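Geometric and topological summary
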Amino acid sequence: MRQLDELWLNSHQVQSVVIYGHRRMGKTSILRNVTNRLGAEIKLAYINLLGVGDTSQGVGEVLMAICDGIAEAVNLPPPADEDLLNLPYPTFRRYLQQVETKLDNQSLIIALDEFEQIEELINKGKIAPDFMKVLRASVQKSKHIAFAFAGLHTLEEMTEDYFQPFFASVIPIRVSFLPPATSHQILANPAIEDFPLDYTRETLDQIHELTAGQPYLVQLVGFGLVNRYNQQVFEQKRDRDPVFTLEDLEAVINNPDFLNKGRYYFTGVWGQATEGAPGQQEILRILAPHPSGLSQSALAAATNLDEASLLAALETLKRHDVIHQTPEGWLLSVELFRRWLLS
Ligand SMILES: Nc1ncnc2c1ncn2[C@@H]1O[C@H](COP(=O)(O)OP(=O)(O)OP(=O)(O)O)[C@@H](O)[C@H]1O
Ligand SMILES: [Mg+2]
């Protein structure tokens, strides 16, 4: 967020960015919340490309979704559907010119969430490979319009031809685990007025240990604790201290409901491990019973992968924040994910 503030607020020309990170790291939240900080000078059009569907009408349909998002943000009616379907690129370009005029001295960020969807549509042949080039050309001359792409792919994985045109001009912003102080802040001082509950220091530390500062899991643990408190105090009429302890934490994370609620994150990471380098899920399965990790040679012995494949799979998992390397070997980064794998 701070990086975006600097790029967008403190400069006279808005800059295109790629916000990338693994599942549930907060990419969408950043796009959604940055609007509140931007003020009147910068408008943000949010478009989730997952909502575009199967685009039976090709690129015109993608541009329709984008224009609808822009229309809402700048309050300028979008081009007619037929025009976008018949002559997608010229219609889009002309619309952006009108937008630019209307913006006057304001700026517009066109935020395309889940942008790996574009790659998928190109691979399926639904839209032409030059789509990114056209997008880039459409804002290249403008000081006031830029793109923010958000998605899973890391830059190394986006070197396919269609993303090339954007490379030189896009600032990459990686979204990853929260530092301990931020996890603590989210838990103990959430954005709720008069939050009356507190945590012992070791409970805050332990939550950070278990979640590694994965924002979704931090939230989920906090939510579980508050729920438990409310149940005890308001339903069971128990008299309890408004300070969460390790005992509360244990009760929350050992409740089967917790792993079940977290499955969106867990299955997201697990599913992502089937893409790219083969053998990733095998590695995760092998690492799961080892809370302090395994040496690379032990891993090599336990898998059926040759050395090159093993290294490629480890690199991918590492880039995706699923595992990390210590002097002793390889370790699953999120303890709660390790426990989910075992369950
Ligand atoms: N900075 C943060 N502070 C508190 N909670 C956060 C923060 N970032 C994310 N979250 C929590 O994590 C959840 C997931 O965030 P979000 O949907 O933005 O992630 P994402 O990276 O877009 O996920 P996906 O890859 O599934 O699209 C949010 O619902 C929110 O509860
Ligand atoms: Mg998202």
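Attention here is on the structure that accompanies the text. Predicted model, so just to flag it, every value in this text is computed and none were measured. (Residues numbered from 1 in each chain as written. Chains lettered and ligands numbered in written order. Predicted model: local features only at pLDDT ≥ 70, side-chain atom pairs only at ≥ 80, totals over all residues. Heavy atoms only, no water.)

As a further point, take the site of ligand 1. Close to ligand 1 lie 13 residues, the nearest being R23, K27, T28, S29 and Q219. Within the backbone of R24, an N or O atom sits 3.0 Å from an oxygen atom of ligand 1. Starting from 630 Å² of accessible surface for ligand 1 in isolation, the protein chains cover 77%. More than half of the atoms belonging to ligand 1 lie within 2 Å of the grid points that define the largest pocket. Breaking the shell around ligand 1 down by element, the ones donating at least two residues are α2 (27-38) and α11 (215-235). Of the residues that constitute the shell around ligand 1, the class distribution is five nonpolar, four polar and four charged. No fewer than three residues from each of domain 1 (2-174) and domain 2 (180-261) sit in the shell around ligand 1. (Near = heavy atom within 4 Å. Polar contact = N/O pair within 3.5 Å; in protein donor to acceptor, adjacent residues only side chain to side chain. Areas by Shrake-Rupley, 256 points an atom, 1.4 Å probe, with all protein chains shown as cover. 1 Å grid on protein atoms, 1.4 Å probe; cavity = no way out; pocket = protein on both sides within 12 Å on 5 of 7 lines; lining within 4 Å. Sits in = over half its atoms within 2 Å of the grid points. Helix = DSSP H or I, 4+ residues; strand = E, 2+ residues; numbered from the N terminus. Nonpolar A, V, L, I, M, F, W, Y, C, P; charged D, E, K, R; others polar. Domains from an automatic or database assignment.)

What follows is about the layout of surface pockets. The volume enclosed by the largest pocket comes to roughly 1,200 Å³. Forming the walls of the largest pocket are 37 residues, and the residues nearest its centre are M25, G26, S29, I30 and L178. Among the elements that take part in the lining of the largest pocket, α2 stands out by supplying six residues, more than any other. Along the lines of polarity and charge, the residues of the lining of the largest pocket split into 17 nonpolar, eleven polar and nine charged. Both of domain 1 (2-174) and domain 2 (180-261) provide at least three residues apiece to the lining of the largest pocket. (Points joined across faces, edges and corners; volume = space filled by probe spheres on them.)

Our focus in this paragraph is the side chain of D321. By secondary structure assignment, the location of D321 is in the loop between α17 (307-319) and β8 (323-326). For D321, the contacting residues outside a window of four places in its chain are M25, R174, V175, S176, F177 and S333. (Contact = heavy atoms within 4.5 Å.)

In this section: unusual backbone geometry. Positive phi outside glycine occurs at D104, with the angle close to 60°. Note on placement: D104 falls in the loop between α5 (88-103) and β3 (107-113). The class for D104 is exposed, based on a relative accessible area of 57%. In the Ramachandran plot, D321 falls in the positive-phi region, its phi being about 65° despite a non-glycine side chain. With relative accessibility at 12%, the residue D321 sits in the buried group. (Buried < 20%, exposed > 50% of the residue type's maximum accessible area, 1.4 Å probe, protein only.)

Two elements in contact, helix α14 (residues 263-272) and helix α15 (residues 280-287), have axes separated by 8 Å at closest approach and are oriented at 130°. Between α14 and α15, the interaxial angle falls into the category oblique. Taking contact as the criterion, the partners of W270, G271 and Q272 in α14 are, on α15, Q280, Q281, L284 and R285. Counted by class, the contact of α14 with α15 contains two nonpolar, four polar and one charged residues. (Axes fitted to C-alpha atoms, helices over the stretch in contact; angles between N-to-C directions. Parallel < 35°, antiparallel > 145°, perpendicular 65-115°, else oblique.)

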